[in-house]
Amino acid sequence: MDIPIQKICNFLTASRGNWRNSIYISGKDSPRGFLLVPDRDGKPVIVEAGNLQQLSGEQIDPAECRGQLTESDFRDLFDQYLLWQFPNAETDVLMELSR
């Protein structure tokens, strides 16, 4: 588990201190998935659900989140943003955004 403190602070600020205000993304490479909230500019702030669960000691239940998406849905919604941020199609964008 290697999460920069700034990433956690950004996530908690954007989610108003509650992971339940996020959207759960089921990732193909992460069995525990990811949590997404937009920052004040609408950019995605993403953390691995498993890492946040370890830090908080709280069980993260996707059903308690504001919504759920598949990784494919996430890619469709943020297509233009991802194209500019990660021009290499091989990039695992959820993992990169969670770092």
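Report follows, based on the coordinates. By convention here, each chain's residues receive numbers from 1 onward along its written sequence. pLDDT decides what is reported in this predicted model: residues at 70 or higher carry local features, side-chain atom pairs at 80 or more are listed and counted, and totals for whole chains, interfaces and linings draw on all residues regardless. Hydrogen atoms and water are omitted, and side-chain values are computed over all heavy atoms in the structure.

1. Let's talk about unusual backbone geometry
So, point 1. Although it is not a glycine, Arg16 adopts a positive phi angle of roughly 55°.
So, point 2. Here Arg16 shows up in the loop between α1 (5–14) and β1 (23–26). Note on conventions: DSSP H or I runs of at least 4 residues are helices, E runs of at least 2 residues are strands, and numbering of each starts at the N terminus.

2. Let's talk about the environment of Ser22
So, point 1. Locating Ser22 in the fold gives a position in the loop between α1 and β1.
So, point 2. Remark: the alpha-carbon pair of Ser22 and Arg40, spanning 18 residues in sequence, is separated by 14 Å.
So, point 3. Pairs of residues are marked as contacts when any of their non-hydrogen atoms sit within 4.5 Å. Excluding residues that lie within four positions of it along the chain, Ser22 makes contacts with Phe11, Leu35, Leu36, Val37, Cys65, Arg66 and Gly67.
So, point 4. We call two N or O atoms a polar contact when they sit within 3.5 Å, provided that within protein one can donate a hydrogen and the other can accept it, with sequence-adjacent residues counted only if both atoms are side-chain atoms. There is a polar contact of 2.5 Å between the side chain of Ser22 and the backbone oxygen of Trp19.

3. With respect to the packing of aromatic side chains
What characterises a pair of aromatic rings is the spacing of the ring centres plus the angle enclosed by the ring planes.
So, point 1. Working definition: a ring pair exists when centres of Phe, Tyr or Trp rings (six-membered ring for Trp) sit within 6.5 Å. Plane angles under 30 degrees give stacked, over 60 give edge-to-face, the rest tilted. Here the structure, examined in full by the defined rule, presents 1 aromatic pair.
So, point 2. Aromatic pair Phe74 and Phe78: ring centres 5.0 Å apart, planes at 35°, arrangement tilted.
So, point 3. Phe74 gets classed as buried once you look at its relative accessible area, which sits at 0%. Burial classes: relative accessible area under 20% of the type maximum marks a residue as buried, over 50% as exposed, and values in between as partly exposed (1.4 Å probe, protein chains only).

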